[in-house]
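# Structural characterization, general
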Amino acid sequence: MKFATKAIHAGQHPDPATGAIMTPIFQTSTYAQSGVGEHKGFEYARTGNPTRSALEDCIAALENGSYGLAFASGMAAEQAVLSQLSAGDHLLSCDDLYGGTYRMFESVMRRYNVETSYVIAGSSADYERALRPNTKLIWLETPTNPLLRLVDIRAIAEVAHRYHILLVVDNTFSSPYFQRPLDLGADIVLHSTTKYINGHSDVIGGALVMKDEQLYQALKFYQNAAGGVPGPFDAWLTLRGIKTLALRMRQHEENARIVARFLLEHLRVEKVYYPGLPSHPDHELAKRQMSGFGGMVSFQLKGTLSDVDTLVRRCKVFTFAESLGGVESLVCHPASMTHSSIPQNIREARGLTDTLLRLSIGIEDSEDLLLDLEQALG
Ligand SMILES: *Cc1c(COP(=O)(O)O)cnc(C)c1O
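Residues numbered from 1 in each chain as written. Predicted model: local features only at pLDDT ≥ 70, side-chain atom pairs only at ≥ 80, totals over all residues. Heavy atoms only, no water.

### Notes on the nonpolar core
Soluble globular proteins tend to pack their nonpolar side chains together in the buried interior. The biggest cluster of nonpolar side chains holds 63 residues, and the ones touching the most others in it are L263 and L359. When residues of this core are assigned to their parent elements, the largest contribution, 8 residues, is made by helix α10 (residues 245-265). Two domains each provide a minimum of three residues to this core, namely domain 1 (3-242) and domain 2 (245-377). Among the nonpolar cores identified, the runner-up in size contains 44 residues, and A80, L91, V159 and L190 belong to it. (Core = buried A, V, L, I, M, F, W, Y, C linked by side-chain atoms within 4.5 Å. Buried < 20%, exposed > 50% of the residue type's maximum accessible area, 1.4 Å probe, protein only. Helix = DSSP H or I, 4+ residues; strand = E, 2+ residues; numbered from the N terminus. Domains from an automatic or database assignment.)

If you want it as structure tokens, here you go:
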């Protein structure tokens, strides 16, 4: 099956009891068992729920994986991956990361004696050089957040596997529609399903997808042991959102290209970051690794923090808010919002300055988006 068909049908079958074509919301905490050790595959809803299973199977199919696991948030999915590490292990990560991921590495994992070091916009050789004898996991986010640099998944997977290290890729920014890391050699794909996968800004959720059964069993064990699972209604909403993922991603991208070109020409804009622009340093890699450039555009405004404040207050169609990947357009100020947990000196060194703005381009009419930006920049 092709992507758009899987988005609608994978993991979902008409309900055998009633014929309902939509997966029911199994709002239950437990399941009747017929005798000792005899049940229908479900015992207790932290361990398993049919609505959640449908979601897990659907996301797994979209990522070309064999197994999916759904979580209560992207961070809960991250925690499940990190639970595979032990005290004394080393984690190697790309440096331009979701702020909450950085906070988890530095303020939580460090206390458990798991040290993280960061590779700055590097090649696979830079990753290989940064390995330590105790490196157990490589963590990539690509395109990175918020500077939209790319990391070569295939090349780094090759390095990771040579050293028997697990490679996890946070695929939240591309969604499986534009990029499938398992096909490029990653061991685990991670999503904040809060973003493009659900796509309607009404659920917090996360997911992991993998091919290896042993790895699945280990992560499934942790999911049940720690219990960071989504409720059935959130699983159902996310499944409903996924049905239009292909349509939405196409429109997000079309609008993002138009907005990026508009910003590139604008006198008040210092710099535009969008992998679809030929001037983007990773444009060639983006063409190779992704089947499209996505819906996120960042730019540097000419001026000061107070000009940034004026701009976000003037926006009418764009809403000034954290998060991304929903049908509505958002503008976010990473330095004070999503990335405020990164110390200022580290932030500035990474190019994440006070005048950087990140746009999540929605699926509104692109003419309205340009008019709004024009008046806000004016
Ligand atoms: C939002 C986000 C997360 C965290 O997900 P939550 O659902 O908010 O817990 C992780 N990675 C990326 C890239 C994100 O954008």
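### Brief notes about the domain arrangement of the chain
With domains assigned, the chain is organised as domain 1 (3-242) and domain 2 (245-377). Taking only C-alpha atoms into account, the centre of domain 1 sits 26 Å from that of domain 2. For the pairing of domain 1 and domain 2, the buried interface totals around 3400 Å² over both sides, and the portion due to carbon and sulfur atoms is 61%. The largest share of the area that domain 1 buries against domain 2 comes from L147, F178 and Y196, three residues that together contribute 24% of it. Across the contact surface, domain 1 and domain 2 share 3 salt bridges. Here domain 1 is connected to domain 2 by 20 residue pairs in polar contact (both at pLDDT 80 or more). Counting residues per element, the ones that place at least two in the side of domain 1 that touches domain 2 are α1 (3-9), α4 (99-108), α6 (153-162), α7 (175-178) and α9 (232-242). Looking at the side of domain 1 that touches domain 2, its residues break down into 22 nonpolar, 13 polar and 6 charged. (Buried area = accessible area lost by both parts, 1.4 Å probe. Salt bridge = Lys/Arg side-chain N within 4 Å of Asp/Glu carboxyl O. Polar contact = N/O pair within 3.5 Å; in protein donor to acceptor, adjacent residues only side chain to side chain. Nonpolar A, V, L, I, M, F, W, Y, C, P; charged D, E, K, R; others polar.)

### Here we look at the confidence of the model for the chain
For the chain, per-residue confidence averages 96 on the pLDDT scale, and 100% of positions sit at 70 or higher. When mean pLDDT is taken per element in the chain, strand β7 (residues 206-210) scores highest with 99 and helix α13 (residues 344-349) scores lowest with 86. (pLDDT = per-residue confidence, 0-100.)

### With respect to the pairing of strand β6 (residues 188-192)
Taking burial as the measure, the 5 residues of β6 include 5 buried ones, the bulk of the element. Burial of β6 is two-sided: the residues I188, L190 and S192 facing one way and the residues V189 and H191 facing the other way are all buried. Summarising the sheet, strand β5 (residues 166-170) and β6 pair through 3 bridges and their orientation is parallel. Residue pairing across strands places V169 opposite V189, the latter belonging to β6. In this sheet, β7 lies alongside β6 in antiparallel orientation, the contact comprising 5 bridges. Along β7, the bridge assignment pairs V189 with V209. (Pairing = 2+ DSSP bridges.)

### Remarks on the site of the ligand
Every one of the 14 residues lining the ligand counts as a neighbour, but G74, D170, S192, T194 and K195 are closest to it. In the model, an oxygen atom of the ligand is placed 2.9 Å from a nitrogen or oxygen of the G74 main chain. Here an oxygen atom of the ligand and a side-chain polar atom of K195 are 2.7 Å apart. A total of 3 residues in the shell around the ligand trace back to one element, the largest contributor, which is helix α3 (residues 74-82). Residue composition of the shell around the ligand, by class: 4 nonpolar, 6 polar and 4 charged. (Near = heavy atom within 4 Å.)

### Observations regarding the side chain of D282
Within the secondary structure, D282 sits in the loop between β8 (269-273) and α11 (283-289). We classify D282 as buried; its relative accessible area is 10%. Filtering out sequence-adjacent residues up to four positions away, D282 remains in contact with R149 and L150. (Contact = heavy atoms within 4.5 Å.)

### So, the sheet that holds β7
Ordered in space as β1-β7-β6-β5-β4-β2-β3, the 7 strands form an open sheet in which the pairing is mixed. Edge strands, defined here as strands with exactly one partner in the open sheet, are β1 (67-71) and β3 (115-119). This sheet shows a mean twist of 20° between the axes of neighbouring strands, independent of strand direction. Relative to β3, strand β2 (residues 90-94) runs parallel, the two sharing 5 bridges. By the bridge assignment for β3, H90 is matched with E115. Helix α2 (residues 50-62) rests against β1 and β7 of the sheet, and its axis sits at about 125° to β1. (Axes fitted to C-alpha atoms, helices over the stretch in contact; angles between N-to-C directions.)

### A closer look at the sheet that holds β8
Strand pairing in a sheet relies on backbone hydrogen bonds. The paired strands run either parallel or antiparallel. Read from one edge of the open sheet, 5 strands run β8-β9-β12-β11-β10, paired in mixed fashion. A strand with exactly one partner marks an edge of an open sheet, and here the two such strands are β8 and β10 (319-320). In this structure, strand β9 (residues 296-301) lies alongside strand β12 (residues 356-360), joined through 5 bridges in antiparallel fashion. When the bridges of β12 are listed, M296 appears paired with S360.

### Quick look at unusual backbone geometry
For the bond from T142 to P143, the omega torsion is -5°, close enough to zero to count as cis. With an omega of 5°, the peptide bond between N145 and P146 qualifies as cis. Note on placement: P146 falls in the loop between β4 (135-141) and α6. Backbone geometry at L148 places phi at a positive 60°, although glycine is not the residue there. Accessibility expressed as a relative area gives 2% for L148, which makes it buried.

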